[in-house]
Amino acid sequence: MNISNISLSRVFTACAILAAGTFFASASITPTEPNAELAIGAVAPLSDVKMTNVDGSAMSLVDAAGKNGLLVVFSCNTCPFVVGNGTKSDGWEGRYNETAAKAAAYGFGMVLINSNEAKRDNHDSMEAMQSHSKEQGYSMPYLMDSKHALADAFGALKTPHVYLLDQDMTLIYRGSLDDNVSDAAGVTSSYAMDAMEAASMGKPCEVSTTKAIGCSIKRVQ
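Scoring rules and cut-offs
Here the residue numbering is sequential within each chain, running from 1 through the sequence in written order. Where totals are concerned, whole chains, interfaces and linings use all residues; where local detail is concerned, this predicted model gives features only for residues with pLDDT of at least 70, and gives and counts side-chain atom pairs only at 80 or more. Side-chain measures were taken over the full set of non-hydrogen atoms in the model, leaving aside hydrogen atoms and water. For the purposes of this entry, the term helix denotes a DSSP run of H or I that reaches at least four residues, the term strand denotes a run of E that reaches at least two, and both are numbered from the N terminus. When a residue's accessible area, from a 1.4 Å probe over protein chains only, is under 20% of the maximum for its type it is buried; when over 50% it is exposed; and in between it is partly exposed. Contacts between residues were defined by any pair of non-hydrogen atoms, one from each residue, lying within 4.5 Å. Values of accessible area rely on a 1.4 Å probe in the Shrake-Rupley scheme; residue burial ignores everything except the protein chains shown. Cavity means a closed set of points on a 1 Å grid over the protein atoms alone, one where a 1.4 Å probe fits but cannot get out, pocket means an open set with protein on both sides within 12 Å along at least 5 of 7 lines, and lining means a residue has an atom within 4 Å of a point. Grid points are joined across faces, edges and corners, and a volume is the space filled by probe spheres set on the points. In this classification, the charged set is Asp, Glu, Lys and Arg, the nonpolar set is Ala, Val, Leu, Ile, Met, Phe, Trp, Tyr, Cys and Pro, and all remaining amino acids, among them Gly, are polar. Each polar contact in these results corresponds to two N or O atoms within 3.5 Å; when the atoms are within protein, one needs to be able to donate a hydrogen and the other to accept it, and residues that are neighboring in sequence are counted only if both atoms are side-chain atoms.

## Focus: the overall build of the protein
Now for step 1: A tally of helices and strands in the protein yields 7 helices and 9 strands.
Now for step 2: In the protein, which comprises 221 residues, the share counted as buried stands at 44%.
Now for step 3: Sequence separation of 24 or more characterises 75% of the internal contacts of the protein that already satisfy a separation of 6 or more.
Now for step 4: Of the roughly 11,200 Å² of accessible surface on the protein, a fraction of 55% belongs to carbon and sulfur atoms.

## Side note on the layout of surface pockets
Now for step 1: Roughly 170 Å³ of internal volume is contained in the largest pocket.
Now for step 2: Forming the boundary of the largest pocket are Tyr191, Asp194, Ala195, Glu197, Ala198, Met201, Lys203, Pro204, Cys205, Glu206 and Val207.
Now for step 3: In terms of residue class, the lining of the largest pocket is made up of 7 nonpolar, no polar and 4 charged.

## Considerations on the side chain of Ser115
Now for step 1: Here Ser115 lies in the loop between strand S4 (108–114) and helix H5 (126–136).
Now for step 2: Note on Ser115: relative accessible area 2%, which makes it buried.
Now for step 3: In terms of polar contacts, Ser115 uses its side chain to reach the side chain of Asp145, at 2.7 Å.
Now for step 4: Leaving out residues up to four positions away in the same chain, Ser115 has contacts with Phe74, Ser75, Arg120, Asp145, His148, Ala151, Ile217 and Lys218.

Next up, the structure:
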């Protein structure tokens, strides 16, 4: 092999090392992607993992469930689809307590989950969650999902994103709370309530999936 071939070989080797280093560096900073949305009929993952409630207690999905199951709502403190947008939209949050009361009547628990890990330093800190829960008079547990582990496992993407689990922690409905985020009085289809009512009578849900509409869950990068 002559000198020119040796030099060329070294260049190729150096380029290969540089390319490999760039690839692994890029791979190390790639954010974790959530799973695909939990499928209807699938058993809820991480249902026994304890999360911190705004009252300081530790609670899992299993702990929060009623005799017929659990309504899980991924929520937050600031998204307009949750809290509303002045006179333009009611937001869904104002219906949470009514939904929780209906859930209890149908034998379901209800829990709110805050997975906005990227906003823990301000709007979605535990202190902010506690304050928001008190201001809104939440009648249900409001849990912090550390590092959005539960949201990732469920494939939850929005606030709010609703998942209804039966007594076996099997998914029977997912999507939106109802069909009108802007006007509570204008709701014509109460998807989650209808699903709970049907399940409480041993019937299948007529509508088992709808599109979740809301802000993106703020995951860490």
